[in-house]
Amino acid sequence: MADASHDSFDFKKQLLSALPSLRAFAVSLCGQHDRADDLVQETVMKAWSKQESFELGTNIKAWLFTILRNEFYSQLRKRGREVADTDEVYSSKLSVHPNQLGQMDMQDFLAALAQIPDDQREAIVLVCASGFSYEEAAEICDCKIGTIKSRINRARNRLQELLDVDNVLEFGPDSTSAAVIKQSFAS
Amino acid sequence: MVDRQKRDTPPLAGSSEPTTDFATDGIATRLRDLFSEIENEGIPDKLVHLLDKLDKAEKAQNSNENQRED
């Protein structure tokens, strides 16, 4: 009996420590904080109910990311693809005053992420931001390592186009606004 | 900043080397910045409360089961 409560305590602690990364993954996938938080909440409940299936000693972060990813796609299928998604991200972005550069930068990037295909987005986020290896990312996405690599390359090229990284770094906020306008036309 | 230049997790043994040097890639750097910015926002209260509730419910259930066993 003492063992059971000890296990659940550890599980909760491990879950809590993985939550910030899990939430960042959710925001990257959804492009919106409120929907991302709902997704994380669903994931936490799912993970809790099937905690027995988590093998101790394996990577709990990868396990949780897999649950969240599956939940994301199952919600997407249930709802049908919402065409309005990208528009929502844009309208929220354009309402941000340019002098909030940090916020602007985040919204810019999220808007660009929202424009690339789901499979490319998850690949680049898992490997380049979440710190997973190609192998782990392939396992989470249930595909081959080579597929992950080519998705990342395509994602990088597309994001590069969308964000025009060099210009933004060189010329600052003004070119950021220009990039927003450019992206609006491009979408 | 310098720390971010390094990958948190090195590729597992047996996995191939990256085809691109993500560490010096502008896109990857911005993506990592975005990611850590969101991570640093902290955990929303409702998620912490949810975990507390799940934990309490489980403990209550366990103690009930134990009482029955006794």
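Computed from a prediction, not measured in an experiment: that's the story for all the values here. (Residues numbered from 1 in each chain as written. Chains lettered and ligands numbered in written order. Predicted model: local features only at pLDDT ≥ 70, side-chain atom pairs only at ≥ 80, totals over all residues. Heavy atoms only, no water.)

A.B. asks: Looking at this model, I keep getting lost on the packing of helix α3 (residues 60-79) of chain A against helix α6 (residues 118-129) of chain A. Mind explaining?
C.D. replies: Two quantities define a packed helix pair, namely the angle between the axes and the distance from one axis to the other. All names here are of chain A. It is the contact of α3 with α6, at a shortest axis distance of 13 Å, that shows an interaxial angle of 160°. Taken as axis vectors, α3 and α6 run roughly antiparallel relative to one another. Considering only the axes of α3 and α6, their crossing is right-handed. In contact with Phe65, Arg69, Phe72, Tyr73 and Leu76 of α3, α6 contributes Asp118, Asp119, Arg121, Glu122 and Leu126. For the contact of α3 with α6, the per-class residue count stands at 5 nonpolar, no polar and 5 charged. (Axes fitted to C-alpha atoms, helices over the stretch in contact; angles between N-to-C directions. Helix = DSSP H or I, 4+ residues; strand = E, 2+ residues; numbered from the N terminus. Parallel < 35°, antiparallel > 145°, perpendicular 65-115°, else oblique. Left-handed = near helix turned anticlockwise from the far one by under 90°. Contact = heavy atoms within 4.5 Å. Nonpolar A, V, L, I, M, F, W, Y, C, P; charged D, E, K, R; others polar.)

A.B. asks: Looking at this structure, I do not really get the pattern of salt bridges. What am I missing?
C.D. replies: Side-chain pairs of opposite charge can arise where the charged atoms are in close proximity. For the structure shown, the criterion picks out 11 salt bridges over all chains. Put simply, Asp55 of chain B and Lys12 of chain A hold a salt bridge, and the shortest N to O gap is 3.7 Å. Of this pair, Asp55 of chain B sits in helix α3 (residues 45-69) while Lys12 of chain A is found in helix α1 (residues 2-30), placing the two residues in two different chains. An identical accessibility class is assigned to Asp55 of chain B and Lys12 of chain A; each is buried. (Salt bridge = Lys/Arg side-chain N within 4 Å of Asp/Glu carboxyl O. Buried < 20%, exposed > 50% of the residue type's maximum accessible area, 1.4 Å probe, protein only.)

A.B. asks: Which parts of the structure should I look at to understand the confidence of the model for chain B?
C.D. replies: Caution applies to low-pLDDT parts of the model: their predicted coordinates are not meant to be read in detail. Residues and elements named next belong to chain B. The share of residues in chain B with pLDDT of 70 or more is 61%, and the mean pLDDT across the chain is 72. Helix α1 (residues 2-5) is the least confidently modelled element of chain B, averaging 44 in pLDDT, while helix α2 (residues 26-39) averages 90, the highest of any element. Note on residues 1-19: pLDDT is under 50 here. Beyond four places in sequence and across chains, it has 28 contacts. (pLDDT = per-residue confidence, 0-100.)

A.B. asks: What should I look at first to understand helix α7 (residues 134-141) of chain A in this one?
C.D. replies: Since the α-helix advances by 3.6 residues per turn, residues separated by three or four positions end up pointing in the same direction. Residues and elements named next belong to chain A. Buried residues dominate α7, accounting for 6 of its 8 residues. When α7 is considered as a whole, its buried residues turn out to be Tyr134, Glu136, Ala137, Ala138, Ile140 and Cys141. The elements touched by buried residues of α7 are α3, α6 and α8 (145-163). Once α7 ends, the next one or two residues include Asp142, with phi positive near 55°.

A.B. asks: Mind showing me how you'd approach the nonpolar core here?
C.D. replies: Within soluble globular proteins, side chains that are nonpolar tend to cluster in buried spots. Val44, Leu113, Ile124, Ile148 and Leu159 of chain A together with Leu31 of chain B are the most contacted members of the largest nonpolar core, which totals 63 residues. The element that contributes the greatest number of residues to this core is α1 of chain A, accounting for 11 residues. Leave out the neighbours within four places in its chain, and Ile124 of chain A touches Ala129, Ile152, Ala155, Arg156 and Leu159 of chain A together with Ile27 and Leu31 of chain B. (Core = buried A, V, L, I, M, F, W, Y, C linked by side-chain atoms within 4.5 Å.)

A.B. asks: So what exactly am I meant to see when it comes to unusual backbone geometry here?
C.D. replies: Where the residue is not glycine, phi is negative for most of them; where a peptide bond is considered, it is trans in most cases. Residues and elements named next belong to chain A. The backbone of Asp142 sits at a positive phi, close to 55°, despite the residue not being glycine. Mapped onto the elements, Asp142 comes out in the loop between α7 and α8. Asp142 sits in the exposed class, given a relative accessible area of 70%.

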